[in-house]
Amino acid sequence: MHQPNDPEGWDHWSRAMSNTARFLRKDATFVPEVRSPTVRRRELGALLRKLRTEKGLTVEQAADRLMISMSKLSRMETGHGVAAARDIRDLCALYGVTDQAERDHMMKLAAEGRRQAWWQSYDLGYATYVGLEAEAVTISAFQSSVVHGLLHTADYARAGHRGAMPLLSPDQIELQIEAKLTRQRILTRDEPARFSVVLDEAALHRLVGGRQVMAAQLAKVLEVAALPNVTVQVLPYDVGAHPATESNFTILELPGPTPGVVFVEGLIGSTYLERDDDLIRYQMIFRKLESIALSPQGSRDFIRKFKRDYETA
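Residues numbered from 1 in each chain as written. Predicted model: local features only at pLDDT ≥ 70, side-chain atom pairs only at ≥ 80, totals over all residues. Heavy atoms only, no water.

Draft legend 1. Structural detail: the overall build of the chain. Counting its secondary structure elements, the chain contains 13 helices and 6 strands. Evaluated residue by residue, the chain yields a buried proportion of 49% over its 313 residues. Intrachain contacts of the chain at a sequence separation of at least 6 include 74% that bridge at least 24 residues. (Helix = DSSP H or I, 4+ residues; strand = E, 2+ residues; numbered from the N terminus. Buried < 20%, exposed > 50% of the residue type's maximum accessible area, 1.4 Å probe, protein only. Contact = heavy atoms within 4.5 Å.)

Draft legend 2. Summary view of the environment of Gln184. Secondary-structure assignment places Gln184 in the loop between helix 9 (170-183) and strand 2 (194-200). With 32 residues separating them along the chain, Gln184 and His152 place their C-alpha atoms 8.7 Å apart.

Draft legend 3. Inspection of the environment of Thr250 at higher detail. In this fold, Thr250 is placed in strand 4 (residues 248-253). Note: C-alpha distance between Thr250 and Val264 (14 residues apart in sequence) is 6.6 Å. Leaving out residues up to four positions away in the same chain, Thr250 has contacts with Tyr129, Ile139, Ser140, Ala141, His148, Val261, Val262 and Phe263.

Draft legend 4. A look at helix 12 (residues 276-292). Compared with an ideal rise of 1.5 Å per residue, which puts 17 residues at 24 Å, helix 12 spans 25 Å between its outermost C-alpha atoms and is within 8% of the ideal. Within helix 12 the residues assigned to the buried category are Asp278, Leu279, Tyr282, Gln283, Ile285, Phe286 and Leu289. In a view along the axis of helix 12, the buried residues occupy a sector of 165°, so they form one face of it. Facing away from the buried side of helix 12, by more than 90 degrees, are the exposed residues Asp276, Asp277, Met284, Arg287 and Ser291. Of the surrounding elements, those touching the buried residues of helix 12 are strand 1 (138-143), strand 2, strand 3 (230-235), strand 4, strand 5 (261-265) and strand 6 (271-273). (Expected span 1.5 Å × (residues − 1). Arc of directions from axis to C-beta.)

Draft legend 5. Empty space enclosed by the protein, seen in detail. Scanning the model with the defined rule gives 1 cavity of 30 Å³ or more in all. Put simply, the largest cavity is a space of about 50 Å³. As for the largest cavity, its lining consists of Arg41, Leu44, Met76, Gly81, Val82, Ala83, Leu109, Ala110, Gly113 and Arg114. If you list the elements that add at least two residues to the lining of the largest cavity, you get helix 2 (37-54) and helix 6 (100-113). The element contributing the most residues to the lining of the largest cavity is helix 6, with 3 residues. (1 Å grid on protein atoms, 1.4 Å probe; cavity = no way out; pocket = protein on both sides within 12 Å on 5 of 7 lines; lining within 4 Å. Points joined across faces, edges and corners; volume = space filled by probe spheres on them.)

Draft legend 6. Inspection of the sheet that holds strand 3 at higher detail. Strand order across the open sheet formed by 6 strands is 3-2-1-4-5-6, with mixed pairing between neighbours. Every other strand in the sheet has two partners, leaving strand 3 and strand 6 as the edge strands with one partner each. Across the sheet, the mean angle from the axis of one strand to that of its neighbour is 15°, orientation sign disregarded. Bridge count between strand 4 and strand 5: 5 bridges; the pairing is antiparallel. Following the sheet pairing, Thr250 is matched in strand 5 by Phe263. Those strands touched by helix 12 are strand 1, strand 2, strand 3, strand 4, strand 5 and strand 6, and its axis lies near 115° from that of strand 4. (Pairing = 2+ DSSP bridges. Axes fitted to C-alpha atoms, helices over the stretch in contact; angles between N-to-C directions.)

Draft legend 7. Main features of the packing of helix 2 against helix 6. Running from amino to carboxyl end, helix 2 crosses helix 6 at an angle of 140°, the nearest separation of the two axes being 8 Å. Considering their axes alone, helix 2 and helix 6 lie oblique with respect to each other. As helix 2 runs across helix 6, the sense of the crossing is left-handed. Along the contact surface, helix 2 presents Pro37, Arg40, Arg41, Glu43, Leu44, Leu47, Leu48 and Leu51, while helix 6 presents Glu102, His105, Met106, Leu109, Ala110, Glu112 and Gly113. Residue classes in the contact of helix 2 with helix 6 are distributed as 8 nonpolar, 2 polar and 5 charged. (Parallel < 35°, antiparallel > 145°, perpendicular 65-115°, else oblique. Left-handed = near helix turned anticlockwise from the far one by under 90°. Nonpolar A, V, L, I, M, F, W, Y, C, P; charged D, E, K, R; others polar.)

Draft legend 8. Fine view of the pattern of salt bridges. Applying the stated criterion to the full structure yields 15 salt bridges. Between Arg158 and Asp155 there is a salt bridge, with its nearest N and O atoms 2.6 Å apart. Taken together, the positions of Arg158 and Asp155, both in helix 8 (residues 154-162) and 3 residues apart, correspond to about one turn of that helix. Taking the relative accessible area as the measure of exposure, Arg158 reaches 9% and is therefore buried. Among the salt bridges present, the one from Asp301 reaches Arg304, with a minimum N-O distance of 2.9 Å. Separated by 3 residues within a single helix, Asp301 and Arg304 lie in helix 13 (residues 296-312), roughly one turn from each other. For Asp301, a relative accessible area of 40% gives the class partly exposed. Each of the salt bridges in this network shares a partner with another, and the network as a whole consists of Arg40, Glu43, Glu112 and Glu135. (Salt bridge = Lys/Arg side-chain N within 4 Å of Asp/Glu carboxyl O.)

Taken by themselves, the reported measurements are silent on function.
Below is the structure:
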């Protein structure tokens, strides 16, 4: 196999793994390894929140002294807002940050948080998630009805989009798929993310795109599952009720000191859970799912059976 960090190798790998990646733009065959601006903003925000609480100030008090709105300060602390150099200077003065190295570090985080990332040109509805995923050290996910996006082929993803509401235009769908295939590179980069996913058996039964598409999709799941940093397990029907029966979620553990986050998907929208208690609870649930699912080897055998059935039916 080509080295995934070589531009030509990545182009070959993405096309082979996606099965139908004919639509990839020439300027999208290689994505430089960059520090995620989303993660930089979250790291800066956590630091600003820590400095404010250590100073004994509420958001309202700090915002009043800085003569800015509470919403602006709150957005900077949560990583949803962009901090300018002037903001950092004013915040350092308010919080009494005199160490030049610490001030320089905060300035650097703010500057990196303002940079453009590759995914921002795709106008994704889940851009925040992609920004966090891009720098995740560990990704732990449960999918109750479909295959996880990091495992998708282009044809499977396309069929999923065609069944969604509202329906996107063909060009929009192709751009969404292109972005998804680019995301998958985090599993094969020089220092790849550790990816563990538990798929409900329903994801293997659901005929997305037809039998040929499903056979190719399961072939890709098996191929990715063979990577040393990837673990795929199947939760069979006969397990019965379990802690995540009505949920899809992904736990993203980020490089320190950036706090981890849980991404919970739903029809009415997606939620980001950031409290330590939520992270611990979902980690416990995921460990439970791993313990009752088929073993990685048993899961691969189970998936192969479905793949053969789709190929021969």
